Amino acid sequence: EDQVTQSPEALRLQEGESSSLNCSYTVSGLRGLFWYRQDPGKGPEFLFTLYSAGEEKEKERLKATLTKKESFLHITAPKPEDSATYLCAVLPLGKMEYGNKLVFGAGTILRVKS
Amino acid sequence: NAGVTQTPKFRVLKTGQSMTLLCAQDMNHEYMYWYRQDPGMGLRLIHYSVGEGTTAKGEVPDGYNVSRLKKQNFLLGLESAAPSQTSVYFCASSSLTGGPLRGQYFGPGTRLTVT
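Remember, predicted model here, so these are calculated numbers, not experimental data.

Caption draft 1: Representation of the overall build of chain A in the model. When helices and strands are counted, chain A shows zero helices and eleven strands. Element order for chain A, N to C, with α for helix and β for strand: β-β-β-β-β-β-β-β-β-β-β. Its C-alpha radius of gyration of 14 Å places chain A within 12% of the 13 Å reference for a compact globule of 114 residues. Taking the principal axes of its C-alpha atoms as reference, chain A extends roughly 45 × 30 × 20 Å. Out of the 114 residues in chain A, the part that is buried amounts to 45%. Carbon together with sulfur atoms contributes 47% to the accessible area of chain A, which is approximately 5700 Å² in total. Both charge centroids of chain A, one from 15 positive and one from 15 negative side chains, sit 1 Å from each other.

Caption draft 2: Structural detail: the pairing of strand E9 (residues 84-92) of chain A. All names here are of chain A. Of all nine residues in E9, nine are buried, a share of seventy percent or more. Going residue by residue along E9, you find Ala84, Tyr86, Cys88, Val90 and Pro92 tucked away on one face and Thr85, Leu87, Ala89 and Leu91 tucked away on the opposite face as well. Judged from the eight bridges that link them, strand E4 (residues 30-38) and E9 form a sheet pairing that is antiparallel. From the neighbouring strand, Tyr36 faces E9, where its bridge partner is Leu87. In the sheet, E9 pairs with strand E11 (residues 108-113) via three bridges, with the strands oriented antiparallel. Note on E11: the bridge partner recorded for Ala84 is Leu110. When E9 meets strand E10 (residues 103-104), the two strands line up antiparallel, connected through two bridges.

Caption draft 3: How the structure looks around the sheet that holds strand E3 (residues 19-25) of chain B. Residues and elements named next belong to chain B. Pairing is antiparallel across the open sheet formed by four strands, whose spatial order is E1-E3-E8-E7. Looking along the sheet, the strands with just one partner apiece sit at the ends: strand E1 (4-7) and strand E7 (65-67). Between one strand axis and the next, the sheet turns by 20° as a mean value, whatever way the strands run. Two strands pair when backbone bridges link them, and E7 and strand E8 (residues 73-78) are joined in this way by three bridges, in the antiparallel orientation. Looking at E8, one finds that Asn65 is bridged to Gly77.

Caption draft 4: Representation of the side chain of Ser87 of chain B. Residues and elements named next belong to chain B. Mapped onto the fold, Ser87 is located in strand E9 (residues 87-94). Polar side-chain contacts of Ser87 include one of 2.8 Å to the side chain of Asp38. Residues in contact with Ser87, not counting those within four places in the same chain, are Arg36, Gln37, Asp38, Thr110, Arg111 and Leu112.

What counts and how
- Residues numbered from 1 in each chain as written.
- Chains lettered and ligands numbered in written order.
- Predicted model: local features only at pLDDT ≥ 70, side-chain atom pairs only at ≥ 80, totals over all residues.
- Heavy atoms only, no water.
- Helix = DSSP H or I, 4+ residues; strand = E, 2+ residues; numbered from the N terminus.
- Rg over C-alpha atoms; globule rule 2.2 N^0.38 Å.
- Buried < 20%, exposed > 50% of the residue type's maximum accessible area, 1.4 Å probe, protein only.
- Areas by Shrake-Rupley, 256 points an atom, 1.4 Å probe, with all protein chains shown as cover.
- Lys, Arg positive; Asp, Glu negative; His and termini not counted.
- Charge placed at Lys NZ, Arg CZ, Asp CG, Glu CD.
- Pairing = 2+ DSSP bridges.
- Axes fitted to C-alpha atoms, helices over the stretch in contact; angles between N-to-C directions.
- Polar contact = N/O pair within 3.5 Å; in protein donor to acceptor, adjacent residues only side chain to side chain.
- Contact = heavy atoms within 4.5 Å.

Set out below in structure tokens:
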């Protein structure tokens, strides 16, 4: 069964204190791994897609990396506006013809204090 | 370009009542999805559609029905609401031609409470 586990469930950082969020996955084959940001009361917003082990993507203070079993979302010198829930999702191989169904993790709630 | 919109934003139902949630997208996406989001459980797929006139069951379809009569609209129906259906519902869409690897675009959500 395809599964995505995110850790920690919640993370509190001081402004400027860098850290990483983890997304570990179990799939028969990986077509793509996605990171989303979700602000309270809003829908998830797409951040990155990673396709293969070793790949990295960056956007402002965020950098996503991928290995064969997990992905990390590194947050460098975070600011209070980075506070949000970060969701990880995978698209297993063979699922594209069935509507590109994603498997989501439960998310990590990030709070950055000034 | 509004992206994905959902109506209503909030709704309170009594057990046994019915309602329909409407999702609309203006990006000409082929695929559309309905999810529910509950604390600690992440997003779970209820139903999805790969094109106009076609729908399929997701992970948690029981108690829900869907219809996609027009490409831009995807409706989620609750025929007889139950307290277990209290949740936040999200609609999403994605492109076939752009491939699945650009991700799904989500609406703002509908917060439903069933008493």
